[in-house]
Amino acid sequence: KQWYQRRVAITAGRNCLKELAKKFLDVCYNPLMKKAKSFLCRGQSTADCDESFYLWACCFFMEFNRIVGFKLELVAETLSSDTFSYILQIIFKFHEEIKGYSSRMAHKMKLWAKRLHFAVKAYREMLENLSLMQVSKDSKIKNISGVIQNIIFYQQEYRELPTMLLKQFHRSFFTKSYLTDLIECTHLYIRMLDAYTKSNTLIVQQTKKAAKKKKKPAKKKKNLLSDREMQEMWDGDIENEVLKIMSSASISTSNVRPFDASSDHSMEQQRVLCKHNIQDLLKSGSFDEAVALYKAAQEVWPSSPSFGMPDMAIIDEVNVVNSIFLSKEEIPEMISADT
């Protein structure tokens, strides 16, 4: 009887914790993780509150969401290209910290090794979620997965990460569970890369030698419209057309590519170029294509203020498109020389 009562108490406790985790995901996971990431990025972490807590929460709740029934919208904040890049930066940071200590300072190396373990577990769980997204029946989820995969399989830092960490392993400072998680993470990455190359052409990013710049004849600047003329164009037909398309539920982003993984230009340079492409499409009257490119850009740069948030109200999205249309952000010289 005592055993039965103890079993019932454990089951009730687990159910209570399960419901608590579900409620946390529904209500505050995305805004809380966004706030925590912003706090850490500003360099306000301390010894008592470092990236380890963020990494643990990221790993635990993404795994919980995946097991109980995957819903992308519940973990959208941490399942994005920005977060992949942020986790990669943390791993490199911890890796460099460990290299900076000699073997005589074993206690320091073990502390950073423990933090690195949190980062590897979070990275592995993000790969698990990404693998699940790729086999989803929802085309939007598959498109988001494709964008992230283009980045993590193309950029050299992601491809060299498993080898770098495996070479660094030393049994005096790292635990067996760390090695297990690292091997599983490496296996998962290679398996996903193999599946990706079967359906896509992988163009490997290589370090190029700096070429001597040749002097090019100065190009004539395009006739730029004044602010007043641009505003009159927007108030004329563009605003109404954009609002009409935004209000419809049939915006397809499958035929537009705001980000090209095979390009030599950085994501920031391509972001600026994308804004100019949206401007040009609006000026030429290609409103459907301009809105589709804007929507696709939201998926590639979800945390960039340039394209707003995916769940914004329609009128707010129209205002964002208006700011893009009136923007005077210049295209970097590298891109303008190619175009």
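Residues numbered from 1 in each chain as written. Predicted model: local features only at pLDDT ≥ 70, side-chain atom pairs only at ≥ 80, totals over all residues. Heavy atoms only, no water.

On a plain count of helices and strands, the protein comes out with 13 helices and 0 strands. For the protein, the succession of helices and strands along the chain, N to C, is α-α-α-α-α-α-α-α-α-α-α-α-α. Counting contacts in the protein only where the partners sit at least 6 residues apart, residues at least 24 apart contribute 74% of the total. Carbon together with sulfur atoms contributes 54% to the accessible area of the protein, which is approximately 20,800 Å² in total. (Helix = DSSP H or I, 4+ residues; strand = E, 2+ residues; numbered from the N terminus. Contact = heavy atoms within 4.5 Å. Areas by Shrake-Rupley, 256 points an atom, 1.4 Å probe, with all protein chains shown as cover.)

Attention now goes to the nonpolar core. Counting residues in each nonpolar core, the largest one holds 86 residues, and the members touching the most others are Phe84 and Tyr123. Apart from residues no more than four positions distant in its own chain, phenylalanine 84 is found in contact with Leu79, Tyr123, Met126, Leu127, Leu130, Ile148, Ile152 and Tyr158. (Core = buried A, V, L, I, M, F, W, Y, C linked by side-chain atoms within 4.5 Å. Buried < 20%, exposed > 50% of the residue type's maximum accessible area, 1.4 Å probe, protein only.)

Taking 1.5 Å per residue as the helical rise, helix α8 (residues 176–199) with its 24 residues ought to reach 34 Å, and the 35 Å between its terminal C-alpha atoms agrees with that figure. Regarding α8, the residues found buried are Tyr178, Asp181, Leu182, Cys185, Thr186, Leu188, Tyr189, Met192, Leu193 and Tyr196. Residues of α8 that are buried make contact with α5 (106–134), α6 (139–154) and α7 (156–168). (Expected span 1.5 Å × (residues − 1).)

Another point: the confidence of the model for the protein. Residues with a pLDDT of 70 or more make up 81% of the protein, whose mean pLDDT is 81. The secondary structure element of the protein with the lowest average pLDDT is helix α13 (residues 333–338), at 50, and the one with the highest is helix α3 (residues 51–69), at 93. (pLDDT = per-residue confidence, 0-100.)

Turning our attention to the pattern of salt bridges. Inspection of the entire model under this criterion finds 10 salt bridges. A single network of salt bridges, built from pairs that share partners, joins Arg124, Asp181 and Glu184. (Salt bridge = Lys/Arg side-chain N within 4 Å of Asp/Glu carboxyl O.)

Attention now goes to the packing of α5 against α7. Interaxial distance between α5 and α7 falls to 13 Å at its minimum, and their mutual angle equals 145 degrees. Our pair here, α5 against α7, has a crossing hand that is left-handed. Across from Leu116, Val120 and Tyr123 in α5, the residues of α7 making contact are Tyr158, Leu161, Leu165 and Gln168. Taken together, the residues that form the contact of α5 with α7 break down as 6 nonpolar, 1 polar and no charged. (Axes fitted to C-alpha atoms, helices over the stretch in contact; angles between N-to-C directions. Left-handed = near helix turned anticlockwise from the far one by under 90°. Nonpolar A, V, L, I, M, F, W, Y, C, P; charged D, E, K, R; others polar.)

Further remarks concern the environment of lysine 244. Within the secondary structure, lysine 244 is located in helix α9 (residues 227–247). Taking relative accessible area as the criterion, lysine 244 reaches 55% and is therefore assigned exposed.

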